[in-house]
Amino acid sequence: MTSEKIATYLKNKVALFETFEEQELLDLVGGSRTVSYEPNEFILEFGEKASFLGILLEGEAELSVTLDNAERRIIDRISASDTFGEDAMMTGERNVADCICNKAARALLIPQGLFSETIITKPRALTHLSRMLVRHLKALDPVNGNEPLNTTALLQSNDPYGFDLRTEEPVKLLIVNCGSSSLKFTLYDTMDNALFARGGVERIGLEGTRLSCTSSRGTVEKDITEGTHEASFQAMLSALSDPGIGVINNWEEITSVAHRGTLGGEKHRGAVIITQEILEEMDAYTSIFPLHNPPILAGIRLSQKLLPNAVHVTVFDSSFHNTIPAFAYLYGLPYELYEEKGIRRFGYHGSSHKYASLRAAQFLKKPYNKLETIVCHLGSGSSVCGIDHGRSVDTTMGFSPLEGLMMGTRCGDLDPGVMLHLMKTQGMGYDELNELLNKKSGLLGLSGVSSDMREIEAAADEGNHRAMLAIKTYAYRVRKYIGAYVAAMEGLDVLVFTGGIGQGSVLIRSLACQGLSRMGISLDEEKNRKANGFKDICDISAGDSLVSVLVIPADEERMIARDTVAALERQHIIGILKSQTPMPVTIEISAHHVHLSQEHVEALFGQGYELTKFKELSIPACYACEEKVNLIGPKGRVKNVRIVGPARKETQVEISMTEQYMLGIHPPIRESGDLKGTPGITLEGPSGQITIEQGVICAMRHIHMTPEDALKMGLKDRDIVRVKVPGDRELIFGDVLVRVHPDFKLYMHIDTDEANAANLKTGIIGYVEAIQLRQ
């Protein structure tokens, strides 16, 4: 069929396109592709990432899923002129069903970008797709087992978290880490994973400046006569385009450049498109990073000069930790120093911690946002991070990278009184203290041997007592923080070692885990000795260990690349948002409330008791009940907390931060229903009391929307967005979770504390301003 015939077919036969103009359809067909399929061939597979909307032009197919008992359940039958793939395209989830040809077929496949740009302008097309989605979801309801099908689909995918770096449009992405005397780089091609290049330039600004580059086509090494940063960047680009080992024909093929940053403040999550405002923000933090930020900024400006047509992005080391709560990031200093000067704990190594925790979830085939994980990034710079259900909740580095673990040459945790003492008794000033704490301390200062753990272990093997002490001190601090974060998260599923020492030192891993068996952490020493932490992910847990202990090779460059691909996609979404009339989002204030299981309904109100509906809520199938209960905590009680019906599988209590203090408990910020590792509480009703062991949360602020709403705004389920509330006192709410379901109504939900602080009332209007993170 010609393009004209396909366009005519779509107009006359496919209800989705009945409002399209002829030229729109020709453009749509021109940007799509037709594919032929044999009988029994898979068009879509369960767990596959959404990449197109399909229209069957000829033949027949079926949507089906395989049940736990291996039975195949047919969800829908597809004939010529029917669509397929709309479920995943509209929700942003993986395909939750297979699409298999019953007989030879041909289909038109509309790519995701074209789908988003075209369909959102057609209200009737959106309505049609929404009806199809609802029909399929209802058919899938009886299929669900213990785990939702979208979660099962994600876990069965070969690349659930996007590390294969596939994009719809070709992207050649250069990762740059520019230091004062070194330059490291990696190039990825999103159309060809086998094509790569990585290398570096050493001794910039010194005698003997030298470049080395290894690619999928070979290796090159060369001296750089003029050892400046600019000459080093030009040498890097020349190596990447070298006729012998290069992976690009010319510099213009590089479409994006991602720069590793240090501190991005409190606002940014993930990768950020570099603007003049971003450069000024980075420059403002130079006093904290006097050695790091000047060369990073110089590298960005050089890249912009040499590659003016590329999109330049930065990924801050600190941004992953922007979910750490205030009680964990504040110092015991006057609050004004935080408010006015920004003095607080930020945390670093974010890309490494995020990468290791995602890889751990992938390796264990468990949902990332259901795990409690501790990552130990141990190298010349070292830090430990506690990650509670996908959110960094604490990390050892603080305002600067000096805090926390002892490192190669950094001291780690130190009583500030030591510095005051040295200033007073030794007359030390800023420069001397900076040199002492950053360059002469840590493993080097304590061992007197080296900052390299391999050399210190060798010295200890020869009987060097200071080397032995340095090893013991280092491992003790790692072990101490592991225990602290188990306590902070009230449990642990996975412990990860990464970084040069974490991957390479059998001894440090063993010492760091000794004595932690009561926390469920047990090593298999033989597995630990055999682990090649630089090659593969290794499980070194003992058979009876309740916690999985993994060694995971660090790959911050791939994490930065993944975040950059997401940032480029976000930029496209922001363009969609700006091109449309903003959609108003009604804000609702959610007061404290309780969801009860039927067992607990009867325990609190009497045998056989049924909840009484008081009024409907905006959340589908939920209603406020006449019944109320009292909450009783270690410190006090909160009276007359309304129950929300109907009865659930598990009892859940949602309270505000103020009520946390009144009750004397400390629940985490979680999505509704995510209760593992949360604190318990006592509930009191007219017929008695019950005590639950877990179930108390502070709910994340969130927006409910239909797939139709989400598509209009270019959003997907589980996106994190910023919402602007205009007015005399304009407000912006960050970290707002998007949840998409056909039965939802467009409402944003915040708790009473947030509403009171902002002087907001239910019914006020907000607008989605930007996407912060695509999960």
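Structure: above.
Residues numbered from 1 in each chain as written. Predicted model: local features only at pLDDT ≥ 70, side-chain atom pairs only at ≥ 80, totals over all residues. Heavy atoms only, no water.

Q: So what exactly am I meant to see when it comes to the overall build of the protein here?
A: Along the protein, the regular secondary structure elements total 25 helices and 37 strands. Over its C-alpha atoms the protein spans a radius of gyration of 28 Å, differing by no more than 12% from the 28 Å that the globule rule assigns to 775 residues. In terms of principal-axis extent, the alpha carbons of the protein reach across some 80 × 75 × 60 Å. The buried share among the 775 residues of the protein stands at 55%. Sequence-distant contacts, at least 24 apart, represent 68% of the contacts inside the protein between residues at least 6 apart. Roughly 34,500 Å² of accessible area belongs to the protein as shown, and the carbon and sulfur atoms make up 50% of that amount. The average position of the 80 basic charges and that of the 101 acidic charges among the side chains of the protein differ by 1 Å. (Helix = DSSP H or I, 4+ residues; strand = E, 2+ residues; numbered from the N terminus. Rg over C-alpha atoms; globule rule 2.2 N^0.38 Å. Buried < 20%, exposed > 50% of the residue type's maximum accessible area, 1.4 Å probe, protein only. Contact = heavy atoms within 4.5 Å. Areas by Shrake-Rupley, 256 points an atom, 1.4 Å probe, with all protein chains shown as cover. Lys, Arg positive; Asp, Glu negative; His and termini not counted. Charge placed at Lys NZ, Arg CZ, Asp CG, Glu CD.)

Q: Got a minute to help me understand the sheet that holds strand β19 (residues 391–395) in this structure?
A: Strand order in the open sheet made by the 6 strands is β19-β18-β17-β20-β22-β21, with mixed pairing throughout. Single-partner strands in this sheet number two, and they are β19 and β21 (538–539). Judged from the 5 bridges that link them, strand β17 (residues 372–377) and strand β20 (residues 494–498) form a sheet pairing that is parallel. Looking across to β20, one finds that Ile374 is bridged to Leu495. (Pairing = 2+ DSSP bridges.)

Q: Mind showing me how you'd approach the side chain of Asn630 here?
A: Here Asn630 is to be found in strand β26 (residues 623–632). Here Asn630 falls in the buried class, since its relative accessible area comes to 17%. Among the polar contacts listed, one links the side chain of Asn630 to the backbone nitrogen of Asn640, at a separation of 3.0 Å. (Polar contact = N/O pair within 3.5 Å; in protein donor to acceptor, adjacent residues only side chain to side chain.)

Q: Teacher, can you tell me more about unusual backbone geometry here?
A: Glycine aside, a negative phi is what most residues show, and trans is what most peptide bonds show. The peptide bond linking Gly645 to Pro646 adopts the cis configuration, its omega dihedral lying at 0°. Looking at the element boundaries, Pro646 is found in the loop between β27 (637–645) and β28 (652–654). Positioned with a positive phi, Asn40 is a non-glycine residue whose angle comes to about 70°.

Q: How do you make sense of the pairing of strand β13 (residues 218–223) when you look at a structure like this?
A: As paired strands, strand β12 (residues 210–215) and β13 are joined by 6 bridges and run antiparallel to one another. By the bridge assignment, Leu211 is partnered in β13 with Lys222.

Q: I keep staring at the packing of aromatic side chains and nothing clicks. Help me out?
A: The geometry of an aromatic ring pair is captured by the separation of the ring centres together with the interplanar angle, meaning the angle of the planes. The tally for this structure, following the rule as stated, stands at 11 aromatic pairs. Taking 6.2 Å as the distance between ring centres and 35° as the angle between the ring planes, the aromatic pair formed by Phe346 and Phe399 counts as tilted. One end of the pair, Phe346, is in the loop between α11 (335–341) and α12 (350–364); the other, Phe399, is in the loop between β19 and α13 (416–425), with 53 residues separating them in the sequence. For the pair Tyr481 and Tyr485, a centre-to-centre distance of 5.9 Å together with 50° between the ring planes defines the contact as tilted. With Tyr481 and Tyr485 both in helix α17 (residues 465–489) and 4 residues apart, the pair spans about one turn of that helix. Note on accessibility: Tyr481 and Tyr485 belong to one class, buried. Here a set of aromatic residues connected by ring pairs shows up, and it is made of Tyr285, Phe346 and Phe399. One Lys or Arg, Lys480, reaches over the ring of Tyr481 and ends 6.0 Å from the middle of that ring. Looking at Arg562, its charged tip hangs above the ring of Phe163, at a distance of 5.5 Å from the centre. (Phe/Tyr/Trp six-rings, centres within 6.5 Å; stacked < 30°, edge-to-face > 60°. Lys NZ or Arg CZ within 6 Å of the ring centre and 35° of its normal.)

Q: What exactly am I supposed to notice about the nonpolar core here?
A: The nonpolar side chains of soluble globular proteins are, as a tendency, buried together. The biggest cluster of nonpolar side chains holds 38 residues, and the ones touching the most others in it are Ile374, Cys376, Leu378, Tyr474, Ile482, Leu495 and Ile521. Residue assignment for this core shows that the elements contributing at least two residues are β17, α16 (453–461), α17, β20, α19 (506–513) and β22 (548–551). No other element matches the 11 residues that α17 contributes to this core. One finds Leu174, Phe185, Val201 and Cys213 within the second-largest nonpolar core, a separate group that totals 28 residues. (Core = buried A, V, L, I, M, F, W, Y, C linked by side-chain atoms within 4.5 Å.)

Q: Just to check I follow, could you spell out the pairing of β19 for this structure?
A: It is a general feature of regular strands that their side chains alternate between the two faces of the sheet. Taken across its 5 residues, β19 has 4 buried, putting it largely inside the fold. As judged from the 4 bridges shared by strand β18 (residues 383–388) and β19, these two strands associate in the antiparallel manner. By the bridge assignment for β19, Asp388 is matched with Arg391. Here β18 hands over to β19 after 2 residues, with His389 in that stretch at a positive phi of 55°.

Q: Is there a simple way to think about the sheet that holds strand β1 (residues 33–37) in this case?
A: Note on sheets: strands pair through backbone hydrogen bonds, and any given pair is parallel or antiparallel. Pairing is antiparallel in the open sheet, where 4 strands are placed in the order β1-β8-β3-β6. Either end of the sheet is taken by a strand with one partner, and the two such strands are β1 and β6 (83–84). Two elements, strand β3 (residues 52–58) and strand β8 (residues 105–111), share 6 bridges in a ladder whose sense is antiparallel. Each residue of the ladder has a partner; that of Ile55, found in β8, is Leu108. Each of β3 and β8 touches helix α4 (residues 112–119); the most contacted strand, β8, lies at about 70° to it. (Axes fitted to C-alpha atoms, helices over the stretch in contact; angles between N-to-C directions.)

Q: How should I be thinking about the pattern of salt bridges in this particular structure?
A: It is possible for side chains of opposite charge to pair when their charged atoms get near one another. Scanning the model with the defined rule gives 30 salt bridges in all. The partner of Asp555 in a salt bridge is Arg558, and the shortest N-O contact between them spans 3.7 Å. Residue class for Arg558 comes out buried when judged on its relative accessible area of 17%. For Arg637, the salt bridge identified is with Glu684, shortest N-O distance 3.0 Å. Of this pair, Arg637 sits in strand β27 while Glu684 is found in strand β30 (residues 681–685), placing the two residues 47 residues apart along the sequence. Relative accessible area serves as the criterion here: at 37%, Arg637 is assigned to the partly exposed category. (Salt bridge = Lys/Arg side-chain N within 4 Å of Asp/Glu carboxyl O.)

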